[in-house]
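Results of the structural survey
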Amino acid sequence: MSAWLDRAQAALYVLSQRLVGADLAREQCVAALAPRAGQRILDIGCGPAYYLNALPPCEYHGFDTDRAQIAAARERFGDRGTFYSEPYMSSHCEQLGQFDGVMLLGLLHHLDDAECKSLLELVVRSMKPGARVVTLDTAFFPGQSGLAAAIARRDRGKFVRPAEQFRSMAEGVFERVETRIVGDTLRMPASHFMMVLERPRSAS
Ligand SMILES: C[S@@+](CC[C@H](N)C(=O)[O-])C[C@H]1O[C@@H](n2cnc3c(N)ncnc32)[C@H](O)[C@@H]1O
């Protein structure tokens, strides 16, 4: 019964993502990460990892605090990656070593400012030299359509912020912060804020 509920919960999440075009936004994130075959990829807040097929064969590690989402990810992709039903912590960073790419898709708008800062600092310690991080979040933007703003207001994340606030948090930790607004179109009515982060300040 519990396995069935896990599957149903994950399936509902994926369906809701497809309805607002959020799956297309994930595809753009994977393209921005530009992972190569054989690389080590860390995905924090991976959920059911439904975009894993978009990645080339790689050493993938997915973390999520939601047991049901991790159960669904393991069931579908257990042969493609390692999944952890726990938050990513300093001890993981020491045990697993460094990664070529880090995905924080749909995560930062679930965390308060202090949590975002400490997570980004932990991510920096988990990056190989030259590694890249891609983030994607529900956010508020000037000129956002009424529909996209309404979807953003209803997001489950408690910390949906103006895009500029995400950027300034990232700029505190990374030298290079490239940003893009994804969505707010007919096919992708929700709008998302993507950031590509490189060159940690602590490494310069
Ligand atoms: C909006 S979902 C995104 C899932 C997936 N990355 C995607 O893009 O579809 C956010 C996920 O972050 C997880 N989460 C929230 N806080 C977390 C934390 N501190 N550590 C790891 N996962 C967390 C939630 O359980 C949820 O599955």
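Structure's up top.
Note on numbering: residues in each chain are counted from 1, in written sequence order. Per-residue local features of the predicted model are confined to residues with pLDDT of at least 70, and side-chain atom pairs are confined, for both listing and counting, to 80 or more; whole-chain, interface and lining totals are unaffected and use all residues. Note that the side-chain values use all heavy atoms of the structure and ignore hydrogens as well as water.

Notes on the pairing of strand β1 (residues 40–44)
For clarity, the cut-off: Only protein chains enter the accessibility calculation, which uses a 1.4 Å probe. A residue is then buried if its area is under 20% of the maximum for its type, exposed if over 50%, and partly exposed in between. Only runs of H or I of at least four residues qualify as helices and only runs of E of at least two qualify as strands under DSSP, and these elements are numbered from the N terminus. At least two DSSP bridges between two strands are needed for those strands to be called paired.
Of all five residues in β1, five are buried, a share of seventy percent or more. Side-chain alternation along β1 places Arg-40, Leu-42 and Ile-44 on one buried face and Ile-41 and Asp-43 on a second face that is also buried. In this structure, β1 lies alongside strand β2 (residues 59–63), joined through five bridges in parallel fashion. Following the sheet pairing, Asp-43 is matched in β2 by Gly-62. When β1 meets strand β4 (residues 99–105), the two strands line up parallel, connected through three bridges. Bridge pairing links Leu-42 to Val-102 in β4.

Things to note about the environment of Leu-5
Of note, Leu-5 is situated in helix α1 (residues 2–19). Between the alpha carbons of Leu-5 and Ala-72 there is a distance of 9.9 Å; along the sequence they are 67 residues apart.

Comments concerning the site of the ligand
Operational definition: Throughout, near means a residue has at least one heavy atom within 4 Å of the molecule or strand. Within 3.5 Å is the distance limit for a polar contact, defined as a pair of N or O atoms, with the added protein rule that one can donate a hydrogen and the other accept it, and that residues adjacent in sequence qualify only through two side-chain atoms. Accessibility throughout is a Shrake-Rupley quantity obtained with a 1.4 Å probe, and a residue counts as covered only by protein chains that appear here. For cavity detection a 1 Å grid was placed over the protein atoms alone, and a set of points counts as a cavity when a 1.4 Å probe fits there but cannot get out; an open set counts as a pocket when protein lies on both sides within 12 Å along at least five of seven lines, with lining residues being those that have an atom within 4 Å of a point. More than half of a molecule's atoms lying within 2 Å of a cavity's or pocket's grid points is what places that molecule inside it. When residues are sorted by character, Ala, Val, Leu, Ile, Met, Phe, Trp, Tyr, Cys and Pro go into the nonpolar class, Asp, Glu, Lys and Arg into the charged class, and all the rest, Gly among them, into the polar class.
Lining the immediate surroundings of the ligand are 16 residues, of which Tyr-13, Arg-26, Gly-45, Asp-64 and Leu-105 lie closest. One nitrogen or oxygen atom from the main chain of Gly-45 is found 2.6 Å from a nitrogen atom belonging to the ligand. The contact in question runs from a nitrogen atom of the ligand to an N or O atom on the backbone of Thr-65, over 3.5 Å. For the ligand, whose unbound accessible area comes to 600 Å², protein coverage reaches 86%. Taken atom by atom, the bulk of the ligand overlaps the largest pocket. A class-by-class count of the residues in the shell around the ligand yields eight nonpolar, five polar and three charged.

What about the layout of surface pockets?
Spelled out, the test is: Grid points are joined across faces, edges and corners, and a volume is the space filled by probe spheres set on the points.
Quantified by volume, the largest pocket comes out at close to 1000 Å³. As for the largest pocket, its lining consists of 42 residues, and the residues nearest its centre are Tyr-13, Gly-106, His-109, His-110 and Arg-156. Sorting the residues of the lining of the largest pocket by element identifies α1, α2 (22–33), α5 (113–125), β5 (127–140) and α6 (146–153) as the ones contributing at least two each. Per element, the largest residue contribution to the lining of the largest pocket is four residues, and it comes from α5.

Overview of the packing of aromatic side chains
Each pair of aromatic rings is reported with the distance of its centres and the angle of its planes. As a reminder of what qualifies: By convention, a stacked pair of Phe, Tyr or Trp rings (six-membered ring in the case of Trp) has centres within 6.5 Å and planes under 30 degrees apart, an edge-to-face pair has planes over 60 apart, and any other such pair is tilted.
Summed over all chains, the structure comprises seven aromatic pairs. Between the aromatic rings of Tyr-13 and Tyr-50, the centroid separation amounts to 6.4 Å while the plane-to-plane angle is 65°, which identifies the pairing as edge-to-face. One end of the pair, Tyr-13, is in helix α1; the other, Tyr-50, is in the loop between β1 and β2, with 37 residues separating them in the sequence. With a centroid separation of 6.4 Å and 40° between ring planes, the pair formed by Phe-166 and Phe-193 is classed as tilted. Of this pair, Phe-166 sits in helix α7 (residues 163–171) while Phe-193 sits in strand β8 (residues 191–200); the two residues are 27 residues apart in sequence, bridging distant segments of the chain. Of the residues examined, Phe-166 reaches a relative accessible area of 1% and is grouped as buried. Given a relative accessible area of 4%, Phe-193 falls into the buried group. One aromatic cluster is present, built from ring pairs that chain together Tyr-13, Tyr-50 and Tyr-51.

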